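Here's the letter readout for the chains.
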Amino acid sequence: MVKHRRYTPPLNRNFSIIQQGTVQLPLRNNLTENIRTVQASLGNSSDLVKREVLIPAPFAVKGAILYMEGLIDDQLLNQFVLTSLLVDTPQNLPHNDGSPQQLLESIQRSALTIGKVRSFTIHTKMVRYLLEGHAILLLDQCPKGLALSIASTEFRAIEEPTNQVTIRGPRDSFTETITKNTVLIRRRLKDRHLRLEVLKVGHVSQTNVGLMYLTNIADKNIVTEIRDRLKAIQVDGILESGNLEEFLLKDGYSPFPMIYNTERPDVVCANLLEGKVAIIVDGTPFVLIAPAYFIQFLQSAEDYYEHFDITLFLRTLRYLSFFVAMLGPAIYIAITTFHQEMLPTQLLLSLTTQREGIPFPAFVEALIMEITFEILREAGVRMPRPIGQAISIVGALVIGQAAAQAGFVTPAMVIIVSITALSSFIIPAYNLAIAIRMLRFLMMVLAATLGYYGILIGLFGVLIHLCSLNPFGVPYLTSFAPMDQEAQKDTIYRAPIWSRSLRPRHTAHKNPTRQ
Amino acid sequence: MNKNSITHQQFTKIVALDIIGVSILSVPSIVIDIAKQDAWIAALLASFFGLLLAGLLYLFGRLFTGQTLIQFCQHLLGKYLGNGIALLYIFFFFIGSTTLLWDIGQFTTSSVLTDTPRLVINFTYLIIVIASVRLGVVTIARSAEILFLVFLGIYVVFSILILPQIHLENIQPVLEATTPALGQAAFILLSFTSLTLFRLLMFYPQHVPPGRATARAFLVGTLIGNGVLLVIIVLSILALGTQLSPLLAYAGHTLARVISVGQFIERIEGTMTTLWYISMLIRITLYFHCLVVGFAQVVRLSDFRVVTLPLGMIVLLFSLFIYPDFDYAAKWNREVWPLYAFTHGVLFPLLLAIVYWFRNSSLPAAEQKESPSQTS
Amino acid sequence: MMIFGIMVVAALIVAYDLPDIRKKGTRKELAFFTGLLAIACVLSAIYFLGLQLANPLDWIAFIYQPLFDHLLRDKAGFK
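Since we're looking at a predicted model, the values are computed, not measured.

Sites flagged by UniProt as "transmembrane region" (unreviewed entry) map to residues 31-50 of chain C. The straight-line gap between the two end C-alpha atoms of residues 31-50 of chain C is 29 Å; of that span, 90% is helix and 0% is strand.

Put into structure tokens, the structure is as follows:
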């Protein structure tokens, strides 16, 4: 008990405040003093820009504009802040000789021609606004300041999705900016029930995390649960939605993914319509969708855009390749080492002849080839893009052929490994494919030790594990177990859109009909 | 939807797989040995009594009002007598788990993996069983649902592939078996199917709400299970004959061996083996579930998972030698097991129901008002 | 060899379950866990040392075999 003592959250929080150097100090009257405090709390950082201004007569009040270089849009600053303050203000504002505080208020009301302006009175807030890309306006003899939202929008443009490729379907994908991403969703679902809640996660990174759902469809309990779990996260930084995913699923371990991630807005919208919750993290183009079902990872966006019989064919292929990817080498090992009688005589003979010169048992042979392949695959992903593709394809071919000629492995084994590899690429979700790849090695060990019986035991184990998963209270194997007649219209077979009048039972029981 | 409840579809499939259980491989030989070519009549008889039993079990389970069989005993008979009966049941569950696990080891070491020690086989299988028991009834129900699909798929293909091998004359002459032979065959078959179905009483009253749908699940599940067995028995008679079938320890397994389609689909015993492993998984898991949950309820533990691993170790140990050899097992299955199963599956429940009826009619009205659902 | 195996299995079981039991369970759970585990280990040790363990099936057969012999075989004609 005593060994595992952890930091308690309150301690943690105090620590972070001290670390950031921002104290709950109120603003003072003195302008220079205020500026100095800000500079001190940012450690005289050189990207803090200070522009001193003088609001012209009849006011003649000294002021300053502070901003972080690069975080704000310079053009907006010139056009809408400096111009209005220094040129237009004297003409437009009423010429009463009030205090600087009243002046600040009338500036906020009548002078500034930008959308979002917020006032603050403490330093903590000011620093936070600064770091979020606001420009700060301070006046002398005034314990209040304005934060002007003119954040720079210079980010990557919307491009084609790179991972979830489709032949037919929309060609836009999410970017790293949360505001752009929410826009992509809102443009597709123009409904007042579409809600966006933004939370800040990570006490250093202060990452904006958006929670999006259709309030008239989504299950309230699921939304609340996700929101609570997001709020409970105590961490210094969230840099990618993957970090959040692990926090959301920290209760139980599974190699299988239980939160879907996508870079396609159309996929997010389809899921929102089924009552699921999208979690958009600032700084990454991968949006999370929870809760996710197992079958979802074997579906592609295109399934819904092509004709439904094509979908049936493709999905059957995917389910088949799911098993091939997991069991291919294992079955080969089991048959060649334990159950040769299961093969037709001709095939058995040719296999035995092939295996004659091979020094290793089938298991070692398979292991060598599988590991080689995994190395090639990983190298292909990590290498600089232009070299990567060439290396992986050529490498696989060359090594496969050379290994077979050198007598390390049988040509049959090369075929098995290639088919297995291709099968794992067919699976649309990368994280599921990885899970299957890892399980493949387990299955190979089981097959090498216990043959067919071992494979069966392994499959039972995987099945029981899958059956026990309940991400966010929804059975992971929904539409197989518990079996659901209506869900069969979108599992392996996809019924035409016009005949699917009901939404999934578990997430959308509040508002079950589509049409 | 309640997170802890089992759907009626799932329950139907559990009942079906549970009834098929061990029987699909070895039982056809015994039944055909006794009733010869009329074994199918015995199977029909067994189905009839099976349906009757399923109905009775359903009605009996309704008396429990959400308790398990063990809790019902304790509640009804008091601390000493109740726990005594409960211990007898737990002992029964223990025997069930160990003998079935022995079957797994015996079959696997004799037909699938001849060089592997029995300990390894039993150990690996038991790990799966323990894992599913620890994960809970809902997980078991869901996996039963998927396993049932797989089972049915393989079973249908298998039955179609066997059709070219059948010889209709094997079933003649019809109705030659004596009444005692038919009775005994049906009794033995019943002891492997519906007589031990009472293990469902260890979770069904808690997780499946009573009602017409549950009763239907009981009956439909029994029908499916018995239908599957009937077809296997008929196919054994037709394809293997009454001379060969009794000699084979695992007639069902040999049945798969004779399949030969176009010189290519041959030696597909694996299919039959898979079927057997699937139905066995459900049955052993339920037995073991009953064992640990029953034990935990007798000694009143808050969580049954605590004792799963130690009890699993004991079950594993006894599964190595519970039958000294195959002949002992054959004799036991024919002579002792049916009576033993009958005692726990029919006699005790009947006694319990009678006691319940007496106690309930003499209970003061106030207590009845308190729990009105008890009067069914 | 097998004794060593039993010890390994018992150690694994303890390592897997004990932390949880100590955290959640009461003294009673702990007692039953360790007690049953000890019984399992002793029985396994006896078995693997080559000694004979009583077979529970024999006890049941002791009761039911006469029943079958006299009632079902002799009276009802079972085989």
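Take helix α2 (residues 23-35) of chain B next. Burial runs high along α2(B): 12 of the 13 residues are buried. Among the residues trailing α2(B), B:Lys36 stands out with phi positive, at a value near 50°.

For the rest of this paragraph, the subject is unusual backbone geometry. Where the residue is not glycine, phi is negative for most of them; where a peptide bond is considered, it is trans in most cases. Residue and element names in this part refer to chain A. At the junction of alanine 290 and proline 291, the peptide bond is cis and its omega measures out at -10° in the coordinates. By the element assignment, proline 291 lies in the loop between β10 (287-290) and α10 (308-337). Positive phi is not limited to glycine here, since asparagine 44 has a value of about 50°. Positionally, asparagine 44 belongs in the loop between α2 (31-41) and β1 (48-55). A relative accessible area of 59% places asparagine 44 in the exposed class. With a phi close to 55°, phenylalanine 472 is a non-glycine residue in the positive phi region. Look at phenylalanine 472 and you get buried, because its relative accessible area is 5%.

This part covers empty space enclosed by the protein. Residues and elements named next belong to chain B. If you walk through the whole model with that rule in mind, you get three cavities of 30 Å³ or more. Approximately 100 Å³ is the volume found for the largest cavity. Val22, Thr99, Leu100, Asp103, Phe192, Arg283, Tyr287, Tyr323, Trp332, Asn333 and Trp337 together form the lining of the largest cavity. Of all the secondary structure elements, the ones that give two or more residues to the lining of the largest cavity are α4 (69-112), α11 (269-298) and α13 (326-362). Class assignment for the residues of the lining of the largest cavity results in seven nonpolar, two polar and two charged.

Moving on: a negative patch on the surface. All names here are of chain A. The grouping of Asp47, Glu69, Asp74 and Glu154 at the surface amounts to a negative patch. Following the sequence through the fold, aspartate 74 ends up in helix α3 (residues 74-92). With a relative accessible area of 46%, aspartate 74 lands in the partly exposed category.

All names here are of chain B. In this model α11 runs 43 Å from its N-terminal to its C-terminal C-alpha over 30 residues, within 8% of the 44 Å that 1.5 Å per residue would give. Counting buried residues in α11 gives 29 out of 30 residues, a clear majority hidden from the surface. Immediately downstream of α11, the backbone of arginine 300 shows phi near 55°, a positive value.

What follows covers the domain arrangement of chain A. Structurally, chain A comprises domain 1 (31-149), domain 2 (178-292) and domain 3 (308-473). Just the C-alpha atoms count here: the centres of domain 1 of chain A and domain 2 of chain A sit 35 Å apart.

What follows deals with the sheet that holds strand β9 (residues 277-281) of chain A. All names here are of chain A. An order of β6-β7-β9-β10-β8 is seen for the five strands of this open sheet, with the pairing classed as antiparallel. Of all the strands in the sheet, the pair left with one neighbour each is β6 (194-201) and β8 (260-262). Neighbour-to-neighbour, the strand axes of the sheet open up by a mean angle of 25°, direction not taken into account. Note that β9 and β10 share three bridges and pair antiparallel. Following the sheet pairing, valine 277 is matched in β10 by alanine 290. Of the strands in this sheet, β6, β7 (207-214), β8, β9 and β10 touch helix α8 (residues 241-248), which is tilted by about 130° from β9.

Calculation rules
Residues numbered from 1 in each chain as written. Chains lettered and ligands numbered in written order. Predicted model: local features only at pLDDT ≥ 70, side-chain atom pairs only at ≥ 80, totals over all residues. Heavy atoms only, no water. UniProt positions renumbered as here; feature names shortened; annotations may be inferred. Helix = DSSP H or I, 4+ residues; strand = E, 2+ residues; numbered from the N terminus. Buried < 20%, exposed > 50% of the residue type's maximum accessible area, 1.4 Å probe, protein only. 1 Å grid on protein atoms, 1.4 Å probe; cavity = no way out; pocket = protein on both sides within 12 Å on 5 of 7 lines; lining within 4 Å. Points joined across faces, edges and corners; volume = space filled by probe spheres on them. Nonpolar A, V, L, I, M, F, W, Y, C, P; charged D, E, K, R; others polar. Patch = residues over 30% accessible without salt bridge, like charges linked within 9 Å, V, L, I, M, F, W, Y side chains within 5 Å. Areas by Shrake-Rupley, 256 points an atom, 1.4 Å probe, with all protein chains shown as cover. Salt bridge = Lys/Arg side-chain N within 4 Å of Asp/Glu carboxyl O. Lys, Arg positive; Asp, Glu negative; His and termini not counted. Charge placed at Lys NZ, Arg CZ, Asp CG, Glu CD. Expected span 1.5 Å × (residues − 1). Domains from an automatic or database assignment. Pairing = 2+ DSSP bridges. Axes fitted to C-alpha atoms, helices over the stretch in contact; angles between N-to-C directions. Contact = heavy atoms within 4.5 Å.

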